[in-house]
Amino acid sequence: MRKGKKIYLTEEQFKTMLSCVVAEGVYINGISGKKANLTYKKGSNWNKGSLVNSDNLKTDKMDTAGSDTYEVKLKGGLTSYNITSINGTAVMHYFKKYFDHQKAEVSIKDKSGAQKTYEIEMLQNEFREFMNQFVTKVGFVVNYALKKTGAEVNAVSIYPVPSSSSFNEKMAEELTKMSINGLPIQVIDKNLLVKDLRNIQRDQEFINNNQEYYNGLLSNTGTLQQPIIQHVDKTVSKYQAILPAEKNIDAMNDAVKKLLAQMNNIRTAEKAGREHGRMIASLVANYKKYYDNYAAVLKIKYANPTSVNGETSARIDDIAKVLKYSKGPSIEDRTDYIWGIVKQNITHGKRMDICPVTGKIYGKLPLQYWEKTMFQIKDLSNPERMALKNIYNQNRDPELVRQELEKIKGTAFVIFDDNISGGATLSDVCYQCKQLGIENIIPITFGVMDEKWTYGIMPVNRPQGGFKYNQ
């Protein structure tokens, strides 16, 4: 008998081979004009005709009856049950943007190799079939989790994790349409928790469980050859330092609002030939307020054990950014007009008024509205994410918290999030809910994504054998 021929594959070739044989149920399979067609093939073992093999939702576990899901361990001893496996971002973005009535796009190479952008579209009957199957699977998972713990509950509460899109809330509404042991299903106010970082700190218990790893280098290459724990401390210090700047941003926006009103009042008074000296004095005072608060933001520094001098100045982009839809020409015009008035009235012969924050004379500053830069945990590497806690906190409104906790009592508490990678965010949400005394917690996500083991584009070291969740 002739021996079979051995074929040696690289890791990348092996992954490519697997992508052709495993079930990948939602993928882009065609182009129609300017639209990319998204299809759902239940139980498919091959994504036939896929135009973007690296971007899809794998639904093999969703398409089967029973509780089998993609499981991810969470801090605190819980497990997250993840219905699909997510590759890439385009298909996931379609589902996230669907409920916000926004377009999701994908870039696909044509026959000549040129990249073209298409709007992703899914047939309504396939979308509804997918959603029905998704909801059915969640029902299996909740039943399984309740039987596993033996908990007796009188209802199911679904908590949509706060997000920038309405996906989690809309999916929670979809989940209320399912039937779980005949139990009533309710949605809990997402504002039970808020993502405000006011108590951000190290997760010392988790760090202690992985002490050797966190004392090791973040990376063996480039500028990241410092202990991981130093990068964690830098992140904590940074956000603790910039948190108070929210008051500066509010003060800046308040000043701009008054300045624009005063500008219009002064112009009206000038045309009418009315006296407006008091208006000008008030305008100058508000300009100084705007400038002083902007200067205070630029002055923020935080401890950084990874830097040579142990300290770093915060960037304005880390704290605030110009409000969307601000128009450049209109900002320039009003800045020129107001600065022209201010400059005349802060000049006293050879002397000019001094900014108390900088110790220097006032200067021209664009008059624009600002919005707080939202913390994005996805910008951090996985080891940094996992070492943090108190990313979320309970709402500052005690009555809202009391009312929601009253509704939750005696129910199965399903925490729903759009996706999970390493589990840092979902772990923190679960931790905060436990702190509130919530029981019967069942974390479920739309899908699991690859963990981020890079810092920017540079690879970071992984813990041998994975993270340890208990000593």
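All residue numbers refer to positions counted from 1 along the written sequence of the respective chain. Reporting of local features is limited, given that this is a predicted model, to residues whose pLDDT is at least 70; pairs of side-chain atoms are given and counted only at 80 or more, and all residues count toward the totals for whole chains, interfaces and linings. Side-chain numbers come from the whole structure's heavy atoms, not from hydrogens or water.

Draft legend 1. Structural context of the overall build of the protein chain. In terms of regular secondary structure, the protein chain is built from 14 helices and 23 strands. Projected onto its principal axes, the C-alpha positions of the protein chain cover 105 × 55 × 55 Å. Only protein chains enter the accessibility calculation, which uses a 1.4 Å probe; a residue whose area is less than 20% of its type maximum is buried, one above 50% is exposed, and one in between is partly exposed. Residues classed as buried in the protein chain amount to 48% of the 471 residues present. Residue contacts follow a heavy-atom distance rule, with two residues in contact if any of their heavy atoms lie within 4.5 Å. In the protein chain, the share of contacts with a sequence separation of at least 24, taken over all contacts with a separation of at least 6, comes to 75%. For the protein chain, the accessible surface area stands at approximately 24,800 Å², while carbon and sulfur atoms represent 49% of it. Neither His nor the chain ends contribute to the count of charged residues, in which Lys and Arg are positive and Asp and Glu negative. By convention, the point assigned to a charge is CZ for Arg, NZ for Lys, CD for Glu and CG for Asp. In the protein chain, which carries 65 positive and 51 negative side-chain charges, the distance between the mean positions of the two groups comes to 4 Å. Secondary structure elements follow DSSP: runs of H or I no shorter than four residues count as helices, runs of E no shorter than two count as strands, and numbering proceeds from the N terminus. Shrake-Rupley sampling with a 1.4 Å probe provides the accessible areas, and residues are treated as covered by the protein chains on show and by no other component.

Draft legend 2. View of the pairing of strand S8 (residues 155-160). The buried count for S8 comes to six of six residues, which makes it a mostly enclosed element. Of the two faces of S8, the one holding Ala-155, Ser-157 and Tyr-159 and the one holding Val-156, Ile-158 and Pro-160 are both buried throughout. The rule for pairing is simple: two strands pair if DSSP sees at least two bridges between them. Where S8 meets strand S9 (residues 185-187), three bridges bridge the pair, whose relative direction is parallel. Looking across to S9, one finds that Ile-158 is bridged to Val-187. Following the backbone out of S8, through helix H4 (residues 167-175) and into the adjacent parallel S9, one traces a crossover that is right-handed. The handedness of a crossover follows from its direction of travel: if, with the strands pointing away from the viewer, the path from the first strand over the helix to the second runs clockwise, the crossover is right-handed.

Draft legend 3. Quick peek at unusual backbone geometry. The backbone of His-101 sits at a positive phi, close to 55°, despite the residue not being glycine. Secondary-structure assignment places His-101 in the loop between helix H2 (90-98) and strand S6 (105-109). Overall, the relative accessible area of 75% leaves His-101 in the exposed class. Phi is positive for Asn-181, close to 50°, though the residue is something other than glycine.

Draft legend 4. Summary view of the pattern of salt bridges. Salt bridge criterion: a side-chain nitrogen from Lys or Arg within 4 Å of a carboxyl oxygen from Asp or Glu. Counted by the stated rule, this structure contains 22 salt bridges. For Asp-233, the salt bridge identified is with Arg-202, shortest N-O distance 2.7 Å. One end of the pair, Asp-233, is in helix H7 (residues 228-242); the other, Arg-202, is in strand S11 (residues 201-202), with 31 residues separating them in the sequence. According to the relative accessible area criterion, Asp-233 is partly exposed, its value standing at 25%. Exposure remark for Arg-202: the relative accessible area of 27% places this residue in the partly exposed category. Between Arg-351 and Asp-353 there is a salt bridge, with its nearest N and O atoms 3.8 Å apart. A relative accessible area of 14% means that Asp-353 is categorised as buried. Via salt bridges that share partners, Lys-238, Arg-315, Asp-317 and Asp-318 belong to a single interconnected network.

Draft legend 5. Local environment of the packing of helix H8 (residues 245-272) against helix H9 (residues 277-298). Here an angle of 0 to 180 degrees is reported between the N-to-C directions of two axes, which are lines fitted to C-alpha atoms, with helices fitted over the stretch in contact. Contact geometry for H8 and H9: axes closest at 8 Å, N-to-C directions at 155°. The angle between H8 and H9 falls in the class roughly antiparallel. Where H8 crosses over H9, the two elements pack in a sense that is left-handed. Split by residue class, the contact of H8 with H9 holds 17 nonpolar, six polar and three charged. Between 65 and 115 degrees an angle is taken as roughly perpendicular, under 35 as roughly parallel, over 145 as roughly antiparallel, and anywhere else as oblique. Helix crossings are classified by the rotation of the near helix relative to the far one: an anticlockwise turn of less than a right angle makes the crossing left-handed, while a clockwise turn makes it right-handed. Just so you know the grouping, Ala, Val, Leu, Ile, Met, Phe, Trp, Tyr, Cys and Pro go in nonpolar, Asp, Glu, Lys and Arg go in charged, and all remaining residues, Gly too, go in polar.

Draft legend 6. Representation of helix H13 (residues 398-408). Buried within H13 we find Leu-400, Val-401, Glu-404 and Ile-408. One side of H13 carries all its buried residues, which in axial view fall inside an arc of 95°. Where the residues of H13 are buried, they touch S8, S9, strand S19 (393-394) and strand S20 (411-420). What qualifies as a polar contact is a pair of N or O atoms within 3.5 Å, subject to a donor-acceptor requirement within protein and to the restriction that residues adjacent in sequence count only when both atoms come from side chains. Taking the backbone nitrogen of Glu-399 as reference, a side-chain oxygen 3.0 Å away marks Asp-397 as the first, capping residue of H13. Backbone geometry just downstream of H13 places Gly-410 in the positive-phi region, at approximately 75°. Note: the arc covers the axis-to-C-beta directions of the helix.

Draft legend 7. Here's a closer look at the packing of helix H3 (residues 124-149) against H4. At their nearest, the axes of H3 and H4 sit 10 Å apart, and the two run at 75° to each other. The orientation of H3 relative to H4 falls into the category roughly perpendicular. Of the residues in H4, those touching H3 at Arg-128, Met-131, Phe-134, Val-135 and Val-138 are Met-171, Glu-174 and Leu-175. Of the residues in the contact of H3 with H4, the class split is six nonpolar, no polar and two charged.

Draft legend 8. Fine view of the side chain of Thr-69. Looking at the element boundaries, Thr-69 is found in the loop between strand S3 (56-58) and strand S4 (70-73). Given the relative accessible area of 5%, Thr-69 is considered buried. Ignoring any residue separated from it by four or fewer positions in sequence, one finds Thr-69 in contact with Lys-61, Tyr-81, Asn-82, Ile-83, Lys-137 and Val-141.

Draft legend 9. Seen up close, the confidence of the model for the protein chain. You can read pLDDT as the predictor saying how much it trusts each residue, on a scale of 0 to 100. The share of residues in the protein chain with pLDDT of 70 or more is 93%, and the mean pLDDT across the chain is 90. Note on residues 4-23: pLDDT is under 50 here. Beyond four places in sequence and across chains, it has 16 contacts.

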